Structures are given as structure tokens and as C-alpha cells.
Amino acid sequence: MKKLVPHIAALMIALAAGSYLVLAQQPPAGGGQGRGGPPPPMSFLITSVGKGEGANYGGLAGADAYCQKLGTDAGRGAPVVWHAYLSTQGAGAVNARDRIGAGPWYNANGALVGRGVAQIHGDTLEDARMGVIFGKQLSLTEKKGIVNGVGDMPNTHDILTGSQPDGRAYTDAADHTCNNWTSSANVDPPARGTPPVPGPSAQLGHSDKQGGGNGSWNSTHASRGCSQPNLVATGGAGLLYCFATN
């Protein structure tokens, strides 16, 4: 009997190792990115190019249509519904945060960029402490491209939002949305030694969360004006954030 003990022990070890290997090779329930399944489909993008008319997208409907077109061109068209992350002002003002669905959202590579509306806006203390996932390496275009940021030439990290940091519309008298995304008015640089003259502009976020005195993805500073040259001079190209709402 004593002679059999080493053989029995060896057999038990072999069986345990074999069971471990079988379990390790089994795909986890539910699949998904990092769990043996395909990556989630794209549900967030930055437009690879602007419309070319500055901040004039023909209002929210035109901006949404532009997001829908680029999403469709990338293979994520209907029944997926795309909305631009834009707020409007005045009567019937719209908050950008209220028109992007519930999340979560994934970039063109299937990487998570946002878990939900509250998380991406830092609504809770925990969300604010953890920070947002957006950034230069993750906030990709529909073509999986990286948007130029601080240190790149040209820098195009300014993204049109018209929003406060919490994703809501401005309520003051100033124009933060280029006449609710219908204006491409040009504002000339002020003459040397004279203060700038207030004019139409758009509130901008930074896709790389760099520069502007803060690390905000959606509300960093205002543009110089609403024309394409104005947006380029400020550090942008008239680009949009687009979210799949369903």
C-alpha cells in the first residue's frame, strides 16, 4: 500500500492540472472586450474633419446629421442613432448631456471611453475624483485616428460643445454657441493695444485634455469667433464629439 501512495499523489496532481487547463480555456460567460469575445462596437467618435463652415452646422439637426453620416461611413449607421454633443441657448435651450443616451460608450477600437452621463461629467464626488477616460489616445475619430493636440502641428484639439463643464447650456446673455450652431461670423483680431470686442463665439473642449488652464474635455475656453479661420486660429478645425444614443 505504501508503494502506491506516491503514484496516487502523482495521479491527483495530474488530474488537478488538467482540470485547471480545461477551465482556463473556457470562454467567460458574456464575452466582451478582454474576456474572449469581440470588442464592443463604436459608440463614440470625434469627427475626423469639420464641415468646413466654421461653427455653422445648420443647428442641432444639421450637426446630428453630420455625426450620423460619419458614423454610417464607418459602418455604424441605422439603426444606430448618432447625436452631436452640443448645447443650445435661449428659449428651449438644450443641454448636451441630455441628448447623448445613457452609455457606456466605446471608441473605434472598442476601448471604453465613458461609463455613463454622470461619470463623464463628474457628477458625484467619486466620479470627479476618478476623472474621465477621454484623452488623446482614446478619443479617436471614426477612422481610428488620433486628433492632433498640444505639441502637434497643426493643433486641432478644440472641439465645439457650447457647454459648461457639467454638460449643461449657458444661461447668461453671451453667445457661447455661435447662434445655436448657425453662424460662421468672422471676428477679426483686435488691433494691438486695444481690448477684444465681444462677439459670437463657441465654447470649446480639448480632445487631449491639455492646455487652456484646465483639463476639461468639454469646456475649456471660448473660440475667437465662429468662422473656419477663427476656429483654426484658436486651435481647432470645427470638430464635434458624436455619441451613439442607442
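Use the structure listed above.
Residues numbered from 1 in each chain as written. Predicted model: local features only at pLDDT ≥ 70, side-chain atom pairs only at ≥ 80, totals over all residues. Heavy atoms only, no water.

1. Observations concerning the pattern of salt bridges
All chains considered together, the criterion is met by five salt bridges. With a shortest N-O distance of 2.9 Å, Asp 73 and Lys 69 are connected by a salt bridge. In this pair, Asp 73 and Lys 69 are both assigned in helix H2 (residues 59–73), four residues apart and thus about one turn of the helix distant. Residue Lys 69 is classed as partly exposed on the basis of its relative accessible area, which comes to 46%. The shortest N-O distance in the salt bridge between Arg 97 and Asp 123 comes to 2.6 Å. Placement of Arg 97 in the loop between strand S2 (82–84) and strand S3 (105–106) and of Asp 123 in the loop between helix H3 (117–120) and helix H4 (125–130) is noted, with a sequence separation of 26 residues between them. (Salt bridge = Lys/Arg side-chain N within 4 Å of Asp/Glu carboxyl O. Helix = DSSP H or I, 4+ residues; strand = E, 2+ residues; numbered from the N terminus. Buried < 20%, exposed > 50% of the residue type's maximum accessible area, 1.4 Å probe, protein only.)

2. Overview of H2
In this model H2 runs 21 Å from its N-terminal to its C-terminal C-alpha over 15 residues, within 8% of the 21 Å that 1.5 Å per residue would give. Every buried residue of H2 is listed here: Gly 59, Leu 60, Ala 63, Asp 64, Tyr 66, Cys 67, Leu 70 and Gly 71. Elements in contact with the buried residues of H2: strand S1 (44–46), S2, helix H5 (178–181) and strand S8 (236–244). One or two residues past the end of H2 sits Gly 75, with phi positive at roughly 90°. (Expected span 1.5 Å × (residues − 1). Contact = heavy atoms within 4.5 Å.)

3. Considering the state of the cysteines
Counted according to the given criterion, the structure contains two disulfides. Two residues, Cys 67 and Cys 242, share a disulfide whose sulfurs are 2.0 Å apart. Between Cys 67 and Cys 242, the disulfide has an S-S torsion of -70° and is therefore left-handed. Of this pair, Cys 67 sits in helix H2 while Cys 242 sits in strand S8, and the two are 175 residues apart along the sequence. Taken as a pair, Cys 67 and Cys 242 share a single burial class, namely buried. (Disulfide = S-S within 2.5 Å.)

4. Here we look at the nonpolar core
Side chains of nonpolar character tend, in soluble globular proteins, to be buried together. Ranked by internal contacts, the top residues of the largest apolar core, which has 24 residues, are Trp 82, Leu 86, Leu 160, Trp 181 and Leu 240. When residues of this core are traced back to their parent elements, those giving at least two are H2, S2, H5 and S8. Per-element accounting of this core gives the leading share, five residues, to H2. Core analysis: the next-biggest nonpolar cluster, separate from the first, contains 17 residues, Ile 46, Tyr 85, Ala 96 and Phe 134 among them. (Core = buried A, V, L, I, M, F, W, Y, C linked by side-chain atoms within 4.5 Å.)

5. Regarding the pairing of S8
When you tally the buried positions in S8, you get nine out of nine residues, the bulk of the element. Taken together, the three bridges between S1 and S8 define a ladder with antiparallel strand orientation. Opposite Phe 44, over in S8, you have Phe 243 as the bridge partner. Note that S2 and S8 share three bridges and pair antiparallel. (Pairing = 2+ DSSP bridges.)

6. Some details on the environment of Gly 205
Tracing the backbone through its elements, the reader meets Gly 205 in strand S6 (residues 203–206). Spatially, the C-alpha atom of Gly 205 lies 4.5 Å from that of Ser 219, the residues being 14 residues apart in sequence. With residues near it in sequence (within four places) discarded, Gly 205 still touches His 157, Asp 158, Ile 159, Thr 161, Ser 216, Trp 217, Asn 218, Ser 219 and Thr 220.

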